[in-house]
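Each chain, letter by letter, is given below.
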Amino acid sequence: MIAKFLREHDADFIILHGSSKNANFYYATKFKTSDPITYIAGIDGSDILLVPEMEKRRAERESRVKEVVSLNDLGYMERLKEIKDAKKAYLDILVSVLKEGRCRKLLLPEELPTYISFELMKHFQVEVVKNPFTQLRMIKSSSEIEKIRDTSNAVVRCVKWVVENFNFKTCEELRRAVELKLFSEGYLAENTIASSGKASSDPHEIGRGRIENHVVLDIFPRSVDHLYHSDFTRTIFLGKNPELEEMYEAVVDAQENAVGMIRDGVDARDVHQRVKDVLNGYGFKTEKGEGFIHSTGHGIGLEVHEEPRIGELSVELKKGMVVTVEPGLYYSEIGGVRVEDTVVVREKDCEVLTPFEKFLRL
């Protein structure tokens, strides 16, 4: 696929520079590293990973790259002594590698560091492109789906535990409990949303202070082991609130309609429109920044938010895509509600990876 992308752009190589914190870099290399390193893929199907000497053996074992070369193999230390500038010595090595590969034209992803881009522009014809791995990541392999399923199972277990042991008084207490529970099982959850009261009318308000008569609990952890995420939201009611309950009933109905539509070949925009139609049918209008004020969903994998988006733009959903379905309603004088599941698109329907009761009253 990358060779095809290079041919389409009449280029010889594409270069990525990053660590496993960068989803595209990790997807391309399958190598976990906290420090930025360089990956080069060629039109002939070759690829190479440039690593420090200390990482060479591990990269050879763990990465999926065909050739691993240490900087020392390429004479980095000698050039450093001559140039006396680590970045300049590194760039000198990088340019030499590309010239040895007879590079004529080079593709530079938009996120490539500026100091690398400027140096490469001095030596080669370059074209700045959207990172092709972003598109490749949209359709998940069976092994990727199983990794997302694993994280999904973990978050569902966590919410079950929350429901069974709910004695939390504040949003902060609930958030800490959720994140510690998941971390104890090997999953990292950060900025978990546990939002209550009128503050929940802001979809990304993480929640502060006393839990009132409902709480929006939105958890989006990733596995510490395989790095894949899941995303899951339930609105938990702790007392009677007819307005919020009516809103939540509409949101659940909208979500079920959307899930029922998702399959291979469906336009994501039509799914989003169905959600809006259902909510409008309940009388919940969206205007002046209130109501249903975000998209219906997004892709999920090595990032919490990735392609495709289920929103206003036309996007064909394809078998193997993993997306969230998360309609919500938000009114500043009442509060907000949301329900969310992670689903995998199949040929004739979709599979919910986070099956759990929708209406939770404690």
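Residues numbered from 1 in each chain as written. Predicted model: local features only at pLDDT ≥ 70, side-chain atom pairs only at ≥ 80, totals over all residues. Heavy atoms only, no water.

Engineer: Could you clarify how one ought to interpret the sheet that holds strand E11 (residues 232-237) in this entry?
Structural biologist: Hydrogen bonds between backbone groups are what pair the strands of a sheet, and the pairing can be parallel or antiparallel. If you trace the four strands from one edge of the open sheet to the other, you get E8-E9-E11-E19, paired in mixed fashion. The open sheet has two edge strands, strand E8 (193-196) and strand E19 (360-361), and neither has a second partner. Looking at chain direction, E8 and strand E9 (residues 214-219) are connected through four bridges and run antiparallel. Residue pairing across strands places Ala194 opposite Leu217, the latter belonging to E9. Helix H8 (residues 142-164) contacts E9, E11 and E19 of the sheet and is inclined by roughly 155 degrees relative to E9. (Pairing = 2+ DSSP bridges. Helix = DSSP H or I, 4+ residues; strand = E, 2+ residues; numbered from the N terminus. Contact = heavy atoms within 4.5 Å. Axes fitted to C-alpha atoms, helices over the stretch in contact; angles between N-to-C directions.)

Engineer: What should I look at first to understand the packing of H8 against helix H9 (residues 171-184) in this one?
Structural biologist: Taken N-terminus to C-terminus, the directions of H8 and H9 make an angle of 135 degrees; their axes are 10 Å apart at the nearest point. Compared by their axis directions, H8 and H9 come out oblique. When you trace H8 past H9, the crossing you get is right-handed. From H8, Ala154, Val155, Cys158, Trp161 and Val162 reach across to H9, where they touch Leu174, Ala177, Val178, Lys181 and Leu182. (Parallel < 35°, antiparallel > 145°, perpendicular 65-115°, else oblique. Left-handed = near helix turned anticlockwise from the far one by under 90°.)

Engineer: Looking at this model, I keep getting lost on the pairing of strand E1 (residues 13-18). Mind explaining?
Structural biologist: Within a regular strand, side chains alternate between the sheet's two faces. The buried count for E1 comes to six of six residues, which makes it a mostly enclosed element. What you see with E1 is no split at all: Phe13, Ile15 and His17 on one side and Ile14, Leu16 and Gly18 on the other are buried throughout. Direction of pairing for E1 relative to strand E5 (residues 105-109): parallel, over a ladder of two bridges. Counterpart to Phe13 in the pairing with E5 is Leu106. Bridge count between E1 and strand E2 (residues 37-42): six bridges; the pairing is antiparallel. (Buried < 20%, exposed > 50% of the residue type's maximum accessible area, 1.4 Å probe, protein only.)

Worth remembering: the numbers are spatial, not functional.
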